[in-house]
Amino acid sequence: MGTRGNHDEKTPPFGLDVSLKDLQPRIVFALLLVGSAAGIWLSRWGSPFVTRGFWWLLVVSLGTLCGGLYWRLVLFDASDFEHDETTRAVSERWRHVEAFAVLALLIGGVGSVATGAAGRPLDPGEVAVGFGVALSPFLWVVLGRYSGDEWSQTSAYVRWLFFATVLGSLVGFVWTETGGHPFEQAVRFGHVGSFALWIGGASWHNFVVLPTLRAHPDAADEIKAGARRFRRHLPVVIAVFLATGVYQAVRLLGYSASVPVGTAAGRLVAVKFAVLALLTGLVAINLRRARKRGGPSE
Ligand code: HEM
């Protein structure tokens, strides 16, 4: 943490407009990006760099939309907010994240299929991915059309359809990565699904909750209600990540203890393990801080 030694939470490090407390969600987001990049490097071993880049952008954008729409539909509750202005601020900020994720999905999806499936027929998984890539921008535009309060019922239906579409694409992604073997698919969906839930939550935390908190500090408790609901998922997410990760690692690399250091793939798995250990540590610090304060985690 730089040369400025111990400084309190109020003194942003390196003159950055970010307090130490704000840094933690950013570290979580960065760790999830590193863990997923290492995962794509493993699962697309030997593919050209640009193909792996597109598949990574695809899984990150699909994950952000699946996890983020789950938060918007299930964890976000407009009745938490006393003032409509705060509700609108939260919805508008999520809509911006959605726009970026849909754009990334378009680039990642077209690039993955173009570089990964050139000159051969698409498999059913790639067709499902393509369907989501094509439909998502349209659904995003329709959601913008029905954003007024008077359309809340219609926009809820369209948002559930959007969620089902990107979830269908995530299943297609898993299908194409596992060649359709049911047990492998279930394990991979557990792994990639955990990633989706966490990267969606981390996107909400960094790009919706924190900026809204800064703009509306008086509504802190209301804004954090969704974050508290999200955090209750994490112990299960971490357990599923670990179990599916270890299974995939043993299937890919074998049981020998020397694998983690002996091969490039083994070192990538060691990086992923370290990422999950760091993330688990941050979650534990948060839970302990919450217990000390005698209330739900901040
Ligand atoms: C937060 C941490 C982690 C994230 C974000 C993450 C994410 C991912 C992603 C996105 C993939 C690509 C899936 C695909 O292309 O189908 C993947 C693959 C993989 N992950 Fe993880 N993972 C994490 C932790 C772990 C851990 C702890 C292990 C092992 C102990 C692990 C082992 C693997 C293996 C072996 C693969 C490749 C599967 C294959 O192609 O056969 N992951 N991971």
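The structure contained in this document is the topic of the report that follows. (Residues numbered from 1 in each chain as written. Predicted model: local features only at pLDDT ≥ 70, side-chain atom pairs only at ≥ 80, totals over all residues. Heavy atoms only, no water.)

## Some remarks on the pattern of salt bridges
Then comes step 1: Following the criterion strictly, the structure yields five salt bridges and no others.
Then comes step 2: A salt bridge links Glu126 to Arg120, with the nearest nitrogen and oxygen atoms 2.7 Å apart.
Then comes step 3: A relative accessible area of 2% means that Glu126 is categorised as buried.
Then comes step 4: The salt bridge partner of Glu184 is Arg251, with a shortest N-O separation of 3.0 Å. Of this pair, Glu184 sits in helix H6 (residues 182-215) while Arg251 sits in helix H8 (residues 234-253), and the two are 67 residues apart along the sequence.
Then comes step 5: Relative accessible area serves as the criterion here: at 38%, Arg251 is assigned to the partly exposed category. (Salt bridge = Lys/Arg side-chain N within 4 Å of Asp/Glu carboxyl O. Buried < 20%, exposed > 50% of the residue type's maximum accessible area, 1.4 Å probe, protein only. Helix = DSSP H or I, 4+ residues; strand = E, 2+ residues; numbered from the N terminus.)

## Some details on the layout of surface pockets
Then comes step 1: By volume, the largest pocket is sized at about 880 Å³.
Then comes step 2: Together, 41 residues line the largest pocket, and Leu42, His191, Gly245, Gln248 and Lys272 are the ones closest to its centre.
Then comes step 3: Counting residues per element, the ones that place at least two in the lining of the largest pocket are helix H1 (20-43), helix H5 (152-178), H6, H8, helix H9 (259-262) and helix H10 (264-293).
Then comes step 4: Taken together, the residues of the lining of the largest pocket sort by class into 24 nonpolar, 11 polar and six charged. (1 Å grid on protein atoms, 1.4 Å probe; cavity = no way out; pocket = protein on both sides within 12 Å on 5 of 7 lines; lining within 4 Å. Points joined across faces, edges and corners; volume = space filled by probe spheres on them. Nonpolar A, V, L, I, M, F, W, Y, C, P; charged D, E, K, R; others polar.)

## Structural notes on empty space enclosed by the protein
Then comes step 1: If you walk through the whole model with that rule in mind, you get one cavity of 30 Å³ or more.
Then comes step 2: Of the voids in this model, the largest cavity is the one considered here, and its volume is about 80 Å³.
Then comes step 3: Looking at the largest cavity, it is lined by 14 residues, and the ones nearest its centre are Trp71, Phe76, Phe81, Ile223 and Gly226.
Then comes step 4: Element by element, the count of residues in the lining of the largest cavity is highest for helix H7 (residues 220-231), at four residues.

## Examining the coordination of the iron atom of the ligand
For a metal bound by four donors in a tetrahedral arrangement, the ideal donor-metal-donor angle is 109.5 degrees, while six donors in an octahedral arrangement ideally sit at 90 or 180 degrees.
Then comes step 1: His191 (NE2) and Lys272 (NZ) make up the full set of protein donors to the iron atom of the ligand, lying at 2.1 to 2.3 Å.
Then comes step 2: What the six donor atoms of the iron atom of the ligand show is an angle range of 77 to 176° at the metal, which sorts the shape as octahedral. You can see His191 sitting in helix H6 and its partner Lys272 sitting in helix H10, a full 81 residues away along the chain.
Then comes step 3: With relative accessibility at 12%, the residue His191 sits in the buried group. (Donors = N, O, S within 2.8 Å, 3.2 Å for Na, K, Ca; no water. Tetrahedral: all angles 85-135°; square planar, octahedral: opposite > 155°, others 65-115°.)

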